[in-house]
Amino acid sequence: MDLKAELLAELDRLETLARHPDVQYTLPWRQGNVRGPGYDCELIYTHPDESGFIQADPEGVAAHIASHDPSATLRRIAGIRAVVELHETTGDRDHLCGQCRDVLGDCETWPCPTILALHEGFCGGYR
Ligand SMILES: [Zn+2]
């Protein structure tokens, strides 16, 4: 599998996870705290009416989880996918990126630095 295909497959996998049927993936999650006698924890509300939530422990984990909610994940994946789609080999030279140029203005070799960096970030293990 080539690096771009592997990267797109990983984006597909993350998108599928974010669209899990048990979460409302179109709305942002919200962090909340629950404190009272015998309990003190952070919650991440996954539904606007607070009917769904995740309990997070230790403190600070809730903010991390909430910042990676399905709606944010889908938004980020759409942005990354748009960047990935800009990078293709040129029609007649399949060893060059049609988008990226080096400091001299020549086409970067394929896979280009952008695809390599995104692949490393999402898939790891190439370099
Ligand atoms: Zn490129």
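As the structure is a computational prediction, the values presented were derived from the model and not from experiment.

Some details on the overall build of the protein
Here is step 1: The helix and strand inventory of the protein stands at 4 helices and 5 strands.
Here is step 2: Its helices and strands in sequence order give the protein the pattern α-β-β-β-α-α-β-β-α, from N to C terminus.
Here is step 3: Radius of gyration (C-alpha) of the protein: 20 Å, far over the 14 Å computed for a compact globule of 127 residues.
Here is step 4: On the principal axes, the C-alpha backbone points of the protein span a range of 70 × 25 × 25 Å.
Here is step 5: By residue count, 15% of the 127 residues in the protein fall in the buried class.
Here is step 6: Residue pairs in contact within the protein that sit at least 24 positions apart in sequence constitute 39% of those at least 6 positions apart.

Some words on the nonpolar core
Nonpolar side chains tend to gather and get buried jointly when the protein is soluble and globular.
Here is step 1: Membership of the largest hydrophobic core is limited to 6 residues, which are Leu7, Cys97, Trp110, Cys112, Ile115 and Leu118.
Here is step 2: Among residues more than four places away in sequence, those in contact with Cys112 are His87, Cys97, Gln99 and Cys100.
Here is step 3: In terms of nonpolar packing, the next biggest core, distinct from the first, is built from 5 residues, Trp29, Ile44, Ala62 and Ala66 among them.

Digging into the packing of helix 1 (residues 3–18) against helix 4 (residues 113–122)
Here is step 1: In contact at an axis separation of 10 Å, helix 1 and helix 4 are set at 40 degrees when each is read in the N-to-C sense. When the interaxial angle is binned, helix 1 and helix 4 end up oblique. Judged by the sense of rotation from one axis to the other, the crossing of helix 1 with helix 4 is left-handed. Side by side, helix 1 and helix 4 meet where Leu3, Lys4, Glu6, Leu7, Glu10 and Leu11 of the first sit next to Ile115, Leu118, His119 and Phe122 of the second.
Here is step 2: A per-class count over the contact of helix 1 with helix 4 returns 6 nonpolar, 1 polar and 3 charged.

Structural notes on the environment of His95
Here is step 1: Turning to its location among the elements, His95 is positioned in the loop between helix 3 (70–86) and strand 4 (96–101).
Here is step 2: The class of His95 is exposed, set by 10 C-beta atoms lying within 10 Å.
Here is step 3: Counting along the chain gives 54 residues from His95 to Cys41, while the straight-line C-alpha distance between them is 54 Å.

Rules and cut-offs
Residues numbered from 1 in each chain as written. Predicted model: local features only at pLDDT ≥ 70, side-chain atom pairs only at ≥ 80, totals over all residues. Helix = DSSP H or I, 4+ residues; strand = E, 2+ residues; numbered from the N terminus. Rg over C-alpha atoms; globule rule 2.2 N^0.38 Å. Buried ≥ 20, exposed ≤ 12 C-beta atoms within 10 Å, placed from the backbone. Contact = placed C-beta atoms within 7 Å. Core = buried A, V, L, I, M, F, W, Y, C linked by C-beta atoms within 7 Å. Axes fitted to C-alpha atoms, helices over the stretch in contact; angles between N-to-C directions. Parallel < 35°, antiparallel > 145°, perpendicular 65-115°, else oblique. Left-handed = near helix turned anticlockwise from the far one by under 90°. Nonpolar A, V, L, I, M, F, W, Y, C, P; charged D, E, K, R; others polar.

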